[in-house]
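Structure at a glance
In case you want the letters, here they are:
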Amino acid sequence: MIDPFGRHISYLRVSVTDRCDFRCVYCMSEDMNFLPKAEVLTLEEIDRVCSAFVRLGVRKLRLTGGEPLVRRNVMSLFRALGRHRTSGALDELTLTTNGSQLHRFAGELRDAGVRRVNISIDTLDPAKFAAITRWGKLDAVLDGARAAKAAGLAVKINAVALKGVNDDEFDRLIAWCGEEGHDLVLIEVMPLGDIGGPERLEQYLPLSLVRARLQRQWTLDESDYRTGGPARYFTVRETGRRLGFITPLTHNFCESCNRVRITCTGTLYMCLGQEDAADLRTPLRASDGDGPLEAAIHEAISRKPKGHDFIIDRRHSTPAVTRHMSVTGG
Ligand code: SAM
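These notes cover the structure that comes with them. (Residues numbered from 1 in each chain as written. Predicted model: local features only at pLDDT ≥ 70, side-chain atom pairs only at ≥ 80, totals over all residues. Heavy atoms only, no water.)

**Re the environment of G82**
To be explicit about the condition: Where helices and strands are cited, they refer to DSSP runs of H or I of at least four residues and of E of at least two residues respectively, numbered from the N terminus. Burial classes follow relative accessibility: with a 1.4 Å probe on protein chains only, a residue under 20% of its type's maximum area counts as buried, one over 50% as exposed, and anything between as partly exposed. Here, residues are in contact when the closest pair of their heavy atoms is within 4.5 Å.
Here G82 lies in helix α2 (residues 74–86). With a relative accessible area of 6%, G82 lands in the buried category. The residues contacting G82, other than those within four sequence positions of it, are L93 and A112.

Here it is as structure tokens:
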């Protein structure tokens, strides 16, 4: 799959549910309306869509959400998709999780062929964690991270940089990741979905500033490490661990974009920051064969836009796109 700008599409992110057991303030509003079950693809249908993408050249698959580990029986999907790892068709099967259920599933994930997991932890302060996630308990998440490590999964911690909330904690996060042997990725908050309450401008912290501040305390060596994702990596000399920056606002990363995303309803988004989408559920359900599905995928890739233009400033107070990160899948 090659898009109109010559980019090879080899990375698929799949939101397996729009539901989550947390309500992070920058991601969701407190009262979210979730999708009726009939609209959501079954696990077997998700497997069919993913397998079609693998046949068409996808080498990396990330399950996300919502919270992927709250979807009932999601382990059967991981096990089914693991066959593409065994056959060599897929380089990587992975997930992004809030970690709340990871203590239950870490071993099974490893058995299914998962080798790396991204866990979202914005703060190591339990009270702040409860405030950011509204419903989350830090202890359970740290248990999950320990279980992942014990199961032999490489752990990467994702932290969204939030002005006035966790910007005094990045040193602590870097040190903790060093002690635990985890990599860390800092992410700029993106203007996705109406979140009620706090304005984006109040949350937004440019990572160019953060990096300059961190360099006073840590030696950040440039690294050419790449995961196929949008992060730019450094090695923290003092800890030996990687530190990545995802900067959709201060440095647009679209030129090397190799990704597309599907929601749990089978809607394919060719860009995280654009509204254009393709319905894959109709061709999927219309036929037992995958011809119509593959044709719809090819047609959609031919429409992949050059990029997005996220702006957060006083004149742009409405979201760039109306759907929440939990719908498209982070
Ligand atoms: N529930 C899982 C989790 O917590 O990682 C997976 C889904 S979550 C939507 C994926 C990632 O997106 C998380 O790291 C979350 O912090 C991040 N995220 C959510 N909304 C965001 C926003 N508006 N800007 C930047 N990152 C966001």
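**Side note on the site of the ligand**
Quick note on the threshold: Nearness here has a simple test: a residue counts as near a molecule or strand if at least one of its heavy atoms is within 4 Å of that partner. Under the rule applied, a polar contact is a pair of N or O atoms within 3.5 Å (in protein, one hydrogen donor and one hydrogen acceptor; residues adjacent in sequence only if both atoms are side-chain atoms). The accessible surface values rely on the Shrake-Rupley method and a 1.4 Å probe; as for residues, cover is taken only from the protein chains in view. Under this grouping Gly is polar, as are all residues other than the nonpolar Ala, Val, Leu, Ile, Met, Phe, Trp, Tyr, Cys and Pro and the charged Asp, Glu, Lys and Arg.
Around the ligand there are 18 residues in total, and Y26, G66, E67, S120 and M190 lie nearest to it. For the ligand, a nitrogen atom lies 2.9 Å from a polar atom in the backbone of G66. Within the complex, 95% of the 540 Å² of free accessible area of the ligand lies under protein. Counting residues per element, the ones that place at least two in the shell around the ligand are β3 (92–97) and β5 (154–161). Taken together, the residues of the shell around the ligand break down into six nonpolar, nine polar and three charged.

**Describing empty space enclosed by the protein**
Here is the rule: In this analysis, the protein atoms alone were mapped onto a 1 Å grid. Cavities are point sets where a 1.4 Å probe fits without being able to get out; pockets are open sets with protein on both sides within 12 Å along at least five of seven lines; lining residues have an atom within 4 Å of a point. Grid points are joined across faces, edges and corners, and a volume is the space filled by probe spheres set on the points.
Considering all chains together, one arrives at two cavities of 30 Å³ or more under this definition. Put simply, the second largest cavity is a space of about 40 Å³. Broken down by secondary-structure element, the contributors of at least two residues to the lining of the second largest cavity are α6 (170–180) and β9 (242–246). When the residues that make up the lining of the second largest cavity are grouped by side-chain class, the tally is five nonpolar, two polar and two charged.

**Some words on the pairing of β5**
The condition is simple: Paired strands are those between which DSSP finds at least two bridges. Orient the strands so they point away from the viewer, and a crossover whose first-strand-to-second-strand path over the helix runs clockwise is right-handed.
Of all eight residues making up β5, seven are buried, and the element is well covered by its neighbours. With five bridges connecting them, strand β4 (residues 116–120) and β5 associate as parallel partners. The partner of N118 across the bridge, within β5, is K156. In the sheet, β5 pairs with strand β6 (residues 183–188) via six bridges, with the strands oriented parallel. Along β6, the bridge assignment pairs A161 with E188. This β-α-β element, β5 to α6 to β6, shows right-handed connectivity.

**Brief notes about unusual backbone geometry**
Positioned with a positive phi, N73 is a non-glycine residue whose angle comes to about 65°. Here N73 is to be found in the loop between β2 (60–64) and α2. The backbone of R134 sits at a positive phi, close to 65°, despite the residue not being glycine. One can find R134 in the loop between α4 (126–133) and α5 (138–150). Relative accessible area serves as the criterion here: at 24%, R134 is assigned to the partly exposed category.

**Notes on the packing of aromatic side chains**
Applicable threshold: Between rings of Phe, Tyr and Trp, where Trp is taken as its six-membered ring, a pair exists when centres lie within 6.5 Å; planes separated by under 30 degrees are stacked, by over 60 edge-to-face, and by other angles tilted. Only when the NZ of Lys or the CZ of Arg is both within 6 Å of the ring centre and within 35 degrees of the ring normal is a charge said to sit over the ring.
Tallying each qualifying case throughout the model produces three aromatic pairs. Ring centres 4.9 Å apart and planes at 80° place the aromatic pair Y225 and Y233 in the edge-to-face group. By relative accessible area, Y225 is classed as partly exposed at 22%. Y233 gets classed as buried once you look at its relative accessible area, which sits at 1%. Between F234 and F245, the aromatic rings sit 5.7 Å apart at their centres with planes inclined by 85°, giving edge-to-face as the arrangement. Taken together, the positions of F234 in strand β8 (residues 232–236) and F245 in strand β9 put the pair 11 residues apart, joining distant regions of the chain. Assigned by exposure class, F234 and F245 land together as buried. Seen from the ring of Y11, K60 lies directly overhead, with NZ or CZ sitting 4.6 Å from the centre. Note that R242 overlies the ring of Y225, its terminal NZ or CZ placed 3.4 Å from the centroid.

**Some words on the sheet that holds strand β11 (residues 267–269)**
Spelled out, the test is: All axes here are fitted lines through C-alpha atoms, helices being fitted over the stretch that makes contact, and every angle between N-to-C directions spans 0 to 180 degrees.
If you trace the 12 strands from one edge of the open sheet to the other, you get β7-β8-β9-β6-β5-β4-β3-β2-β1-β10-β11-β12, paired in mixed fashion. Strands with a single pairing partner mark the edges of an open sheet, and in this sheet they are β7 (220–222) and β12 (277–279). Between one strand and the next, the sheet's axes are offset by a mean angle of 25°, whatever the strand orientation.

**Remarks on the pattern of salt bridges**
Basically, it comes down to this: Salt bridges are defined as contacts in which a side-chain nitrogen from Lys or Arg sits within 4 Å of a carboxyl oxygen from Asp or Glu.
One pass over the structure, following the stated rule, counts 21 salt bridges. In this structure, R241 and D183 form a salt bridge, with 3.2 Å as the shortest nitrogen-oxygen distance. One end of the pair, R241, is in the loop between β8 and β9; the other, D183, is in strand β6, with 58 residues separating them in the sequence. Note on R241: relative accessible area 27%, which makes it partly exposed. On the accessibility criterion, D183 (7% relative accessible area) is buried. One network of salt bridges, in which partners are shared, links R48, R55, D290 and E294.

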